[in-house]
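Remarks on the overall topology
Given next are the chains, with one letter for each unit.
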Amino acid sequence: MGARPRRRRATAAAATAAAAPGPLGALLAAALLAAAGAQQSVTVANPVSGASLDLLPHFQLEPEDVYIVKNKAVSLACRATPATQIYFKCNGEWVHQGDHVTQHSTDRGTGLPVMEVRIEVTRQQVEKIFGLEEYWCQCVAWSSSGTTKSQKAFVRIAYLRKNFEQEPTAKEVSIEQGIVLPCRPPEGIPPAEVEWLRNEELVDPALDANVYVTPEHSLVLRQARLADTANYTCVAKNIVARRRSASAAITVYVDGAWSEWSKWSVCGAECTHWRSRECSEPAPRNGGRECHGPELDTRNCTSELCSHATPGAEDVALYVGLVAVAVCLVLLLLVGVLVYCRKKGGLDADVADSSILTAGFQPVSIKPSKADNPSLLTIQPDLSTATMTYQGSLCPRQDGPAKLQLPNGHLLSPLGAGRHTLHHSSPAAEGADFVARLSTQSYFRSLPRGTTNMAYGTFNFLGGRLMIPNTGISLLIPPDAIPRGKIYEVYLTLHKQEEVRLPLAGCQTLLSPIVSCGPPGVLLTRPAILAMGHCVEASAENWSIRLKKQSCEGTWEDVLQLGAEPCTELYYCQLEAQACYIFTEQLGRFALVGESLSMAASKRLKLVLFAPAACPSLEYNIRVYCLSDTQDVLKEVIQLEKQLGGQLIGAPRVLHFKDSYHNLRLSIHDMPSSLWKSKLLASYQEIPFYHIWSGLQPFLHCTFTLERLSPSTCELACKIWVWQVEGDGQSFTVNFNIAKDTRFSDWLVPDSEVGAPALVGPSAFKIPFLIRQKIISSLDPPGTRGADWRTLAQKLNLDSHLSFFASKPSPTAMILNLWEARHFPNGNLSQLAAAVAEVGKQDGAFFTVSEAEC
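These lines cover the structure that appears in this document, whether it is placed above or below. (Residues numbered from 1 in each chain as written. Predicted model: local features only at pLDDT ≥ 70, side-chain atom pairs only at ≥ 80, totals over all residues. Heavy atoms only, no water.)

Quick notes on the overall build of the protein
Which entries qualify depends on this criterion: Here a strand is any run of E in DSSP of at least two residues, a helix any run of H or I of at least four, and the numbering for each starts at the N terminus. Think of it in three bands: with a 1.4 Å probe and only protein chains considered, a residue is buried below 20% of the maximum accessible area for its type, exposed above 50%, and partly exposed in between. Two residues qualify as a contact provided that any one of their heavy atoms is within 4.5 Å of a heavy atom in the partner residue. A 1.4 Å probe and the Shrake-Rupley method give the accessible areas. Residues count as covered only by the protein chains that appear here.
For the protein, the helix and strand inventory stands at 15 helices and 50 strands. Here the protein holds 854 residues, and the buried ones make up 44% of them. Pairs at least 24 residues apart make up 69% of the contacts formed inside the protein by residues separated by at least 6 positions. In the form shown here, the protein has an accessible surface area of approximately 44,200 Å², with 54% of it arising from carbon and sulfur atoms.

Description of the environment of alanine 613
Following the sequence through the fold, alanine 613 ends up in the loop between strand S39 (602–612) and strand S40 (619–628). With relative accessibility at 39%, the residue alanine 613 sits in the partly exposed group. Along the backbone, alanine 613 and alanine 739 are 126 residues apart, and their C-alpha atoms lie at a distance of 7.2 Å. With near-sequence residues (within four places) excluded, alanine 613 lies in contact with Gly645, Gly646, Gln647 and Ile738.

Focus on the side chain of aspartate 788
Mapped onto the elements of the fold, aspartate 788 is located in the loop between helix H11 (769–779) and helix H12 (789–795). Ignoring anything within four residues of it in the chain, the contact list for aspartate 788 reads Leu779, Pro781, Pro782, Gly783 and Val839.

Thoughts on helix H9 (residues 631–644)
The line we're drawing: To estimate the expected span of a helix, subtract one from its residue number and multiply by 1.5 Å.
Look at H9: 20 Å from first C-alpha to last across 14 residues, which is about the 20 Å you get at 1.5 Å a residue. Along H9, the residues that are buried comprise Asp632, Val633, Lys635, Glu636, Val637, Ile638 and Glu641. Buried-residue contacts for H9 involve strand S28 (464–468), strand S29 (473–477), strand S30 (488–495), S39, S40 and strand S41 (646–648). Following H9 by one or two positions, glycine 645 has its phi on the positive side, about 75°.

Some details on the nonpolar core
Quick reminder of the rule: Nonpolar cores were defined as sets of buried Ala, Val, Leu, Ile, Met, Phe, Trp, Tyr and Cys residues, with membership established by side-chain atoms within 4.5 Å.
Counting residues in each nonpolar core, the largest one holds 70 residues, and the members touching the most others are Leu475, Leu492, Tyr620, Leu664, Leu716, Ile720 and Val722. Not counting the four nearest positions on each side in its chain, valine 722 is found in contact with Leu607, Val624, Leu655, Leu664, Arg665, Leu666, Gly729, Gln730 and Phe732. Counting residues in hydrophobic clusters, the runner-up holds 34 residues, among them Ile767, Ile775, Leu792 and Ala821.

Regarding the pattern of salt bridges
Here is the rule we go by: The salt bridge definition used is simple: a Lys or Arg side-chain nitrogen within 4 Å of an Asp or Glu carboxyl oxygen.
In total, this model carries 29 salt bridges according to the counting rule given. Here arginine 123 and glutamate 127 are joined by a salt bridge, their closest N and O atoms 2.9 Å apart. Here arginine 123 pairs with glutamate 127, and both are found in helix H4 (residues 123–128), just 4 residues apart, close to one helical turn. Assessed through its relative accessible area of 17%, glutamate 127 is described here as buried. Here aspartate 558 ties to arginine 546 by a salt bridge, and the two come within 3.5 Å at their closest N and O atoms. Of this pair, aspartate 558 sits in strand S35 (residues 556–561) while arginine 546 sits in strand S34 (residues 543–550); the two residues are 12 residues apart in sequence, bridging distant segments of the chain. Accessibility expressed as a relative area gives 41% for aspartate 558, which makes it partly exposed. When salt bridges with common partners are traced through the structure, they connect Arg198, Asp208, Arg225 and Asp228 into a single cluster.

Side note on unusual backbone geometry
Put simply, isoleucine 189 and proline 190 share a cis peptide bond, and its omega is -10°. When you line up the elements, proline 190 lands in the loop between strand S13 (188–189) and strand S14 (193–198). Proline 282 follows glutamate 281 through a cis peptide bond whose omega is -5°. One non-glycine residue, lysine 70, lies in positive phi territory at about 55°. Of note, lysine 70 is situated in the loop between strand S2 (66–69) and strand S3 (74–81). One non-glycine residue, asparagine 286, adopts positive backbone phi at about 55°. Overall, the relative accessible area of 40% leaves asparagine 286 in the partly exposed class.

Description of the sheet that holds strand S47 (residues 715–724)
To be explicit about the condition: Should DSSP find at least two bridges between two strands, the strands are regarded as paired. Angles run from 0 to 180 degrees between N-to-C directions of axes, and those axes are lines fitted to C-alpha atoms, restricted for helices to the stretch in contact.
Strand order in the open sheet formed by 4 strands is S45-S43-S47-S48, with antiparallel pairing between adjacent strands. Two strands bound the open sheet, and with one partner strand each, they are strand S45 (685–687) and strand S48 (729–737). For this sheet, the mean angle separating the axes of adjacent strands, direction not counted, is 20°. Alignment of strand S43 (residues 664–669) against S47, held across 6 bridges, turns out to be antiparallel. What sits directly across from leucine 664, in S47, is glutamine 724.

Points about the sheet that holds strand S37 (residues 579–584)
The 6 strands are arranged S36-S37-S33-S29-S28-S49 in an open sheet whose pairing can be described as antiparallel. Edge positions in the sheet fall to strand S36 (571–575) and strand S49 (758–760), since each has one partner strand and no second. Pairwise comparison of adjacent strand axes, ignoring direction, gives a mean angle of 15° for this sheet. Where S29 lies against strand S33 (residues 528–533), 3 bridges are found, and the strand directions are antiparallel. What sits directly across from leucine 476, in S33, is isoleucine 529.

So, the pairing of strand S9 (residues 146–149)
Burial along S9 is one-sided: the residues Gly146 and Thr148 are buried and none of Thr147 and Lys149 is. Where strand S8 (residues 135–143) and S9 come together, 4 bridges link them in antiparallel fashion. Considered in S9, the bridge of valine 140 is made with lysine 149. In textbook terms, the turn of a hairpin is the stretch between consecutive antiparallel strands, and for S8 and S9 this stretch comprises 2 residues.

A few points about the packing of H11 against helix H14 (residues 811–823)
For the record, the criterion: An angle counts as roughly parallel when it lies under 35 degrees, as roughly antiparallel when it exceeds 145, as roughly perpendicular when it falls between 65 and 115, and as oblique in every other case. Ten residues, namely Ala, Val, Leu, Ile, Met, Phe, Trp, Tyr, Cys and Pro, are considered nonpolar, four, namely Asp, Glu, Lys and Arg, are considered charged, and the remaining ones, Gly among them, are considered polar.
Viewed as axis vectors pointing N to C, H11 and H14 meet at an angle of 135°, and their least axial separation amounts to 8 Å. In terms of orientation, H11 lies oblique with respect to H14. On H14, the residues touching Arg772, Ile775, Ile776 and Leu779 of H11 are Thr812, Ala813, Leu816 and Asn817. Residues that form the contact of H11 with H14 fall into these classes: 5 nonpolar, 2 polar and 1 charged.

Structure, rendered in structure tokens:
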């Protein structure tokens, strides 16, 4: 009777085993049924032993969490008793039977069978499901009574990134003052342990009660001592690597303090006595402040022992000499003030007489119109202090009433029919003089001395434009932005990111180049427009974008949050698909910074492939650049590759890189193995997520080193894949001759196509000056049936900025300035004229020009 229930349990266990997939389930079922038969026969002979086989498997050893270091496989083991079979299941799938290493033994204490099983897990197995879920494995043990599952063991790839999220910084502190040195170690698995070094010796808080390390890994010195003056280094380490931060120099200084005064001396022959003190309690050390105040103190000590002498001839001569010196100093000061006032008055009295303006605008004579051409009118536009000549008809001469109706066609075309000449010298000719004059001023000392990333010019009330060629960066100074009677020397500079420290916090990322325009502090009566590219795929639900400006103290401040109500009218930003246009009444240093609000936030990366133009050796390198998608970064890489002798081997591609914390991977495939081989040891290369997302490392790239098997091989065919794990990807099909293929050279902008970096006066604008003034005077006042500047903004798709335009004295001028910034130099003037004409159709009284105005 006792054997029958056991037989039922064994059959149930066999049914459970049969549920395992494939041959493994059948094998387990057969084994359990065989064990059940053996058990039945044993039960008759030895009831005690049969009872022990009714136990469920019990694990003596369960698999533990492990980390894969580099490419070394890890081993997982489990041991159970009593057990007839043990198999591993990883991420819900059975591990192949041939991958198990099994050992059988007997427990000496109980006599029960013991089985131990081991498997190995490789890095490639873990990477196959990386990002979907964590890789885990579990043991399943069988006995005649049923099955038992072990705990899950997680297998993770260990790593430690190179860059610290926050490093300690140098400090100078007074003695007995508290010191906190922050340290946020690089991201890693397992998390890094942190220790501190003082002058390369380990800091042990257990041996020094004045020192402790916070849970956030910051080093705290409760009271600074002179002995604490040292170089401190934060060290992060885990099972993969050991990283060191930059050393921070801590200087503990002591301010000097006076000792007590000495006793008064004996009264001397001159009826004075004195006392002294020393700066010694304590004496200044390590750059501490010196003592302030006199070291020697004297006083009169009149008494019967003092003899009072009358002033002699020597004293009178001394007093006379001092008076003469004072008179001479006063005269010299007066002469200096007069010279300064005369120079200042000469510059501001009349702008047209200044040497700078004369160099910019050459006066020419006014030529009379020909008598046989009555359609031409010779006029001299009222451009105040500017000297210029205009010949042509503002509108055709007609006989009739005093008011003339302009046609509804091209409003801006009449000036093109005449001759409009403005003579000015090239700002580049005055470049050396400009740099020499500004080099002595503090705000110019940090600017690069090269001209490739800088433009400068001299401007007056007519305005103008500065451009840094091939970067998409420009500064538009509208007419009347500079007060009449003033002349400004203005510069525009593109900074290299390694030269300017822009602090970023949290999920913030740099979205644009860092650009300076100045000099800071100049007075502008209307906003200038700074144009520059960006690399953000903007959307209100995914991004919080801010405009940052560097203050005079060097700190970066948020001056505008895009999409929110502006806190000041000094700044405004029009953000478009690939460029932004910043209205600013204060010049300075600007950058566009974004903070992602979701993992769907993405930046545009420009992927560019370069390779050597000549290949004298068997090795051949392909460099894949992953750049922020702005023109200035691409220009810098092109210049760098020209120096390296590189050539473009594929059309650039755009990749959308998401804030998903996943790295960027690059791999090369499909090379003819009979002609080429890759020297890459791994299957792919990887660029860490943070290096790309921060935007502070502009020239990130990976190099694929290939080797020709024969010097005669010149044809290269392969595929290069670039993708973000769990994100967007791009593939390049490379098929070219490394010796003579130059089909992609058209993508490289020649150095000759740089254009004029500075344009002064009307030559900087597409819209003629007089027509511009007529449009402004017509559209600024509210019109009937809404025919005013609001309708023009709607026609130009700028109606989302109506509140900003309305806050300015001339909304129409703001619209035209933005049009100039967006469409120079290739803007279609006819389209603008058509939009203005559409506004004019709504009110027939618009754009009537009197004959006197012509």
